[in-house]
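# Remarks on the overall topology
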Amino acid sequence: MAAVPNSNSNTATTQQPPSPAAANTAITQLVPVPTPTELTTDEMAVKVVHKRYEGLVMVRTKAVKGKGAWYWAHLEPILVHNPETGLPKAVKLRCCLCEAVFSASNPSRTASEHLKRGTCPNFNSDSAPGPNPISVGVVSSPPQPPQNHRKRNSSGGRKGSGFKVNSSETTYSVAPITMIEPPRFSVDVSYPTRPDLVPAFSSATVVTGSGGGGGLYSPAHHHQHHQQQHPQQQQQQQQHPPQQHVVLSGGKEDLGALAKFEDSVKKLKSPGSSPGQVLTKAQIDSSLELLANWVYENCGFVSFSSLEHPKFKNFLNQLGLPGITRRDLAGERLDLRYKEAKAESEDRIRDALFFQISSDGWKAKVSCCSGEVENLVNVSVNLPNGTSVFRRGVFTGGYVFSKYAEDVLWETICDICGNNLEQCVGIVSDKFKSKALRNLENQHHWMVNLSCQFQGVNKLIKDFSKELPLFHNVTDNCLKVANFVNTKSQIRHSFLKFQLQEYGRAALLRVPYGGGGGGIGRVEFEPVFQMVEDVLSSARALQLVFLDESCKIVSMEDQTGKEIEEMMRSQFWNELEAVHSLVRLIKGMAQEIEKEKPRIGQCLPLWEELRVKIREWCGKYHINENHVDKVFDKRFKRNYHPAWAAAFILDPFYLIRDISGKYLPPFKCLTSEQEKDVDKLITRLVSREEAHIALMELMKWRTEGLDSVYAQAVQLKQRDPITGKMKIANPQSSRLVWETYLTDFKSLRKVAVRLIFLHATSCGFKWNSSLCRWAQSRNGIDKAQKLIFIAAHSKLDRRDFSNDEEKDAEFFSIASREDDVLNEVMFDASSL
């Protein structure tokens with residue numbers, strides 16, 4: 001195909017529209033790479049300091065948003081400038097609470113020593129995660145003068161701790177027994193009275209321990225402690241007699257039982273009082289309904305049985321809510337919620353004049369978290385307004401035949417449309433393009449059935465891995481390295497040692513299952529790519545292994561070791577980087593497609609953009625471009641549909657401004673074959689009587705185009721506040737301009753509005769593996785289908801296509817990624 005203009009070149013903004021030449025070549029222009037200039041030593045030092053500072057700021061920004069360590073809320077990176085030159089010379093951490101300044105070499109240690117250990121006078125340890133380090137005073141000997149080796153506040157006390165110490169007196173202010181953390185040794189716990197609590201022992205000192213009279217609170221010890229007290233305290237003790245010692249024979253484990261006993265005494269003395277807030281029936285019903293909806297909408301992630309956990313029941317009781325049972329959740333409540341979701345879905349489909357069926361899951365997927373095969377097909381309905389509604393879930397028990405998929409899709413269409421079958425414009429699916437989709441399209445001339453472009457782009461990786469010799473060489477070489485390092489004990493020991501030394505972690509190189517031989521043709525490329533990533537990420541450690549004297553002796557005595565050592569001195573690392581770079585490029589494009597969910601008119605520009613990037617890759621790594629182009633063209637033809645070209649021509653977003661100021665469709669970007677495809681598709685989608693009229697209107701569209709004001713309004717873009725990228729301000733405007741303004745095109749506008757809104761991907765929301773496993777129970781299939789419908793309806797309504805398992809995995813990997821950033825930022829700690 002010919003070069004396709006990038007949509008960015010046609011964007012209508014406050015500036016003048018771009019010229020046609022610029023619009024035609026925008027997608028193929030390369031961004032010039034600035035030539036690095038020589039820097040002085042001082043400039044390099046300033047650059048390093050700035051990099052370290054920016055890295056810390058980035059880490060702190062993520063942490064403040066909830067994606068990092070807690071202490072970043074109290075520590076702030078600052079630049080320290082040279083007083084003579086005014087240039088930054090170092091990075092420090094400043095405590096936001098007390099303005100103290102520390103080294104930035106280890107923020108975690110700074111937080112531990114300055115915040116958690118009480119050095120900061122303004123830090124409240126209750127705000128930090130985890131229990132207080134000391135919750136109750138422990139007395140083992142008379143108080144000694146403090147021996148401080150670190151600067152602390154003069155009071156020596158901590159906010160939130162259970163005691164206060166100064167040079168003249170020692171007093172114990174202990175929280176009630178239900179609030180304290182059990183101490184490690186024997187404690188002196190006085191039970192003060194509270195307005196809301198009637199204590200069981202109001203004047204007793206509780207001692208947990210089994211020792212006799214020679215324990216910590218022997219009479220001699222008590223007398224000594226009494227002599228050290230302040231005179232005012234002695235006067236208070238004369239007014240209030242000394243408390244009686246009560247020894248709990250069960251030790252600290254008795255504290256919880258004592259608290260329960262105290263609560264029982266309180267209830268018996270005040271039977272009419274009920275602690276906590278009393279909710280009305282309406283509030284209780286509303287709260288339980290919200291709880292049930294949360295369980296339904298997180299289908300598979302929240303277990304019904306977890307609601308009967310004793311601690312969860314206790315939690316509800318604390319809120320004043322009654323318990324909720326599994327039977328209640330799976331009964332009438334579930335049926336009512338399902339009917340509501342079903343009715344809402346039916347209403348939205350009924351309001352649309354036409355729709356597209358989307359089916360995702362025919363192609364078996366392996367969960368990246370659990371490794372299990374997902375066998376649930378999502379059948380959804382894409383509406384012209386850009387939204388989608390869930391229709392049904394289909395469980396597959398293994399290999400799915402094309403005829404079965406065809407029957408399922410046609411039954412879904414008939415169930416929705418009834419007698420008006422032309423209401424379904426077409427289907428987009430992740431599989432069966434050449435059989436099921438083509439058969440349905442041939443039988444029903446108004447249908448446009450597409451294959452998912454996320455799958456199509458991803459398959460390029462498989463094509464290159466099979467047909468490019470570069471991939472074969474890299475795979476064989478990596479297998480050789482991985483097997484040698486993993487199986488030779490001395491080499492393995494050195495490799496793990498150098499990994500730990502260089503990266504702070506150690507692991508063996510991953511090898512594909514059955515990857516001991518046979519090359520790439522016998523294994524999937526995804527596990528091969530994991531091996532490639534492992535080898536590339538461990539490059540420094542591998543180089544150190546083969547430079548180590550003890551390992552040199554082993555490699556010299558082994559033929560494979562000699563081959564690997566020779567291989568690493570040649571093109572091994574360059575070829576490895578080339579393969580890794582290409583796979584990353586294609587994966588990045590596929591992930592962007594999955595996230596953005598492009599329409600059919602964007603397919604030609606997307607594939608042309610990918611072609612340009614791959615050609616740049618060929619030039620960078622000196623790869624034969626002709627061979628790569630053949631593989632690319634083969635995959636492009638397998639995915640191509642004539643509707644791509646027709647939608648590209650009819651979508652006003654891709655109109656190009658010519659010299660006269662008209663906005664005309666980009667026919668010059670199509671090949672001659674693609675131009676013919678446009679004519680054939682349009683005549684197929686209209687009736688025979690309208691075919692010649694539609695072609696005449698197409699010629700009018702080609703020569704006259706769209707009014708410049710309307711064209712600029714359609715092509716208007718705005719910056720996405722989350723990603724920072726420029727996106728179409730109103731994606732529906734391309735269809736709406738045909739329905740409201742271009743009314744002269746009686747036949748062509750019918751085709752345009754039905755083509756432009758079609759989705760080019762079938763990527764839906766992602767299920768968790770536990771749901772797929774549980775929902776196939778024959779006894780509970782009816783309940784499972786209702787739960788799936790409610791959960792899917794909610795996800796599509798929120799436009800939430802993520803998987804909670806993946807989000808959890810990303811969340812728990814943040815800490816390690818943060819450490820990696822810190823290691824990179826603070827690699828040169830000498831200048832701190």
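Overview of the structure. (Residues numbered from 1 in each chain as written. Predicted model: local features only at pLDDT ≥ 70, side-chain atom pairs only at ≥ 80, totals over all residues. Heavy atoms only, no water.)

### Re the pairing of strand β1 (residues 75-81)
In the case of a regular strand, side chains alternate between the two sheet surfaces. Note: β1 against strand β2 (residues 88-95), 7 bridges, orientation antiparallel. Each bridged residue has a counterpart across the sheet, and for E76 the counterpart in β2 is R94. What sits between β1 and β2 in their antiparallel hairpin is a turn of 6 residues, with G86 showing a positive phi close to 80 degrees. (Pairing = 2+ DSSP bridges. Helix = DSSP H or I, 4+ residues; strand = E, 2+ residues; numbered from the N terminus.)

### Some remarks on unusual backbone geometry
The phi dihedral of E99 is positive, around 65 degrees, even though this residue is not glycine. Its location among the elements puts E99 in the loop between β2 and β3 (101-103). Positive phi outside glycine occurs at F432, with the angle close to 70 degrees.

### A short note on the packing of helix α13 (residues 453-467) against helix α20 (residues 572-596)
Packing of α13 against α20 brings their axes to within 8 Å, and their N-to-C directions diverge by 170 degrees. With respect to α20, the axis of α13 lies roughly antiparallel. Seen from α13, the contacting residues are Q453, F454, V457, N458, L460, I461 and F464; seen from α20, they are L582, V583, I586, K587, M589, A590, Q591, I593 and E594. Among the residues forming the contact of α13 with α20, the class breakdown is 11 nonpolar, 3 polar and 2 charged. (Axes fitted to C-alpha atoms, helices over the stretch in contact; angles between N-to-C directions. Parallel < 35°, antiparallel > 145°, perpendicular 65-115°, else oblique. Contact = heavy atoms within 4.5 Å. Nonpolar A, V, L, I, M, F, W, Y, C, P; charged D, E, K, R; others polar.)

### Structural notes on the nonpolar core
Grouped together as the largest cluster of nonpolar side chains are 110 residues, with contacts concentrated most on F464, W701, W738 and L755. Top element by residues in this core is α20. It accounts for 11 residues. If sequence neighbours within four positions are ignored, W701 has contacts with I649, L650, L655, P665, L706, W738, L742, F745 and L748. Core analysis: the second largest hydrophobic core is formed by 26 residues, A352, W362, V379 and L437 among them. (Core = buried A, V, L, I, M, F, W, Y, C linked by side-chain atoms within 4.5 Å. Buried < 20%, exposed > 50% of the residue type's maximum accessible area, 1.4 Å probe, protein only.)

### A closer look at the packing of aromatic side chains
Here the structure, examined in full by the defined rule, presents 24 aromatic pairs. With a centroid separation of 4.9 Å and 70 degrees between ring planes, the pair formed by F572 and W573 is classed as edge-to-face. Taken as a pair, F572 and W573 share a single burial class, namely buried. Among the aromatic residues, those joined into a ring-pair cluster are W607, F632, F636, Y640 and W644. Positioned above the aromatic ring of F745, the side-chain terminus of K700 is 5.2 Å from the ring centre. (Phe/Tyr/Trp six-rings, centres within 6.5 Å; stacked < 30°, edge-to-face > 60°. Lys NZ or Arg CZ within 6 Å of the ring centre and 35° of its normal.)

### Quick notes on helix α21 (residues 603-621)
An ideal rise of 1.5 Å per residue puts 27 Å on 19 residues; α21 measures up with 27 Å between its terminal C-alpha atoms. Directly after α21, the chain includes H622, whose backbone phi takes a positive value near 60 degrees. (Expected span 1.5 Å × (residues − 1).)

### Structural notes on the pattern of salt bridges
Scanning all chains against the criterion turns up 34 salt bridges. Across the salt bridge formed by K587 and E526, the nearest N and O atoms sit 3.0 Å from each other. With K587 in helix α20 and E526 in helix α16 (residues 525-537), this residue pair connects regions lying 61 residues apart in the sequence. E526 gets classed as partly exposed once you look at its relative accessible area, which sits at 40%. For the salt bridge of E739 with R735, the shortest nitrogen-to-oxygen distance reads 3.3 Å. In this pair, E739 and R735 both sit in helix α27 (residues 733-740), 4 residues apart, roughly one turn of the helix. Since its relative accessible area comes to 31%, E739 is described here as partly exposed. Residue classification places R735 among the buried positions, given a relative accessible area of 10%. One continuous salt-bridge network, built from bridges that share partners, spans E76, R94 and E99. (Salt bridge = Lys/Arg side-chain N within 4 Å of Asp/Glu carboxyl O.)

### Description of the side chain of Q715
Structurally, Q715 is set in the loop between α26 (708-714) and β18 (717-719). The exposure class of Q715 is buried, given its relative accessible area of 1%. Polar contacts involving the side chain of Q715 include one to the main-chain carbonyl oxygen of L655, which spans 3.0 Å. (Polar contact = N/O pair within 3.5 Å; in protein donor to acceptor, adjacent residues only side chain to side chain.)

### Concerning a positive patch on the surface
Positive charge collects at one region of the surface, where K363, K459, K462, K466 and R638 lie side by side. With 3 residues, the top contributor of residues to the positive patch is α13. Position of K459 among the secondary structure elements: in helix α13. Judged by its relative accessible area of 31%, K459 falls in the partly exposed class. (Patch = residues over 30% accessible without salt bridge, like charges linked within 9 Å, V, L, I, M, F, W, Y side chains within 5 Å. Areas by Shrake-Rupley, 256 points an atom, 1.4 Å probe, with all protein chains shown as cover. Lys, Arg positive; Asp, Glu negative; His and termini not counted. Charge placed at Lys NZ, Arg CZ, Asp CG, Glu CD.)

### Re the sheet that holds β2
What the 3 strands build is an open sheet, ordered β1-β2-β3; its pairing is antiparallel. Of all the strands in the sheet, the pair left with one neighbour each is β1 and β3. Within the sheet, the average angular offset between the axes of one strand and its neighbour, ignoring direction, is 45 degrees. Looking at chain direction, β2 and β3 are connected through 3 bridges and run antiparallel.

### Looking at the environment of S550
By secondary structure assignment, the location of S550 is in helix α18 (residues 549-557). Separated by 60 residues in sequence, S550 and Q490 place their C-alpha atoms 8.3 Å apart. Here S550 is in contact with Q490 and S494, once residues within four sequence places are set aside. Within the structure, the side chain of S550 is placed 2.4 Å from the side chain of D548, a separation counted as a polar contact.

### Considerations on empty space enclosed by the protein
All chains considered together, the criterion is met by 3 cavities of 30 Å³ or more. Roughly 170 Å³ of internal volume is contained in the largest cavity. Lining the largest cavity are 16 residues, with S358, N382, S388, C763 and G764 sitting closest to its centre. Looking at the lining of the largest cavity, the elements that each hand over two or more residues are β9 (355-360) and β12 (376-382). Looking at which element gives the most residues to the lining of the largest cavity, the answer is β12, with 3 residues. Taken together, the residues of the lining of the largest cavity sort by class into 3 nonpolar, 10 polar and 3 charged. (1 Å grid on protein atoms, 1.4 Å probe; cavity = no way out; pocket = protein on both sides within 12 Å on 5 of 7 lines; lining within 4 Å. Points joined across faces, edges and corners; volume = space filled by probe spheres on them.)

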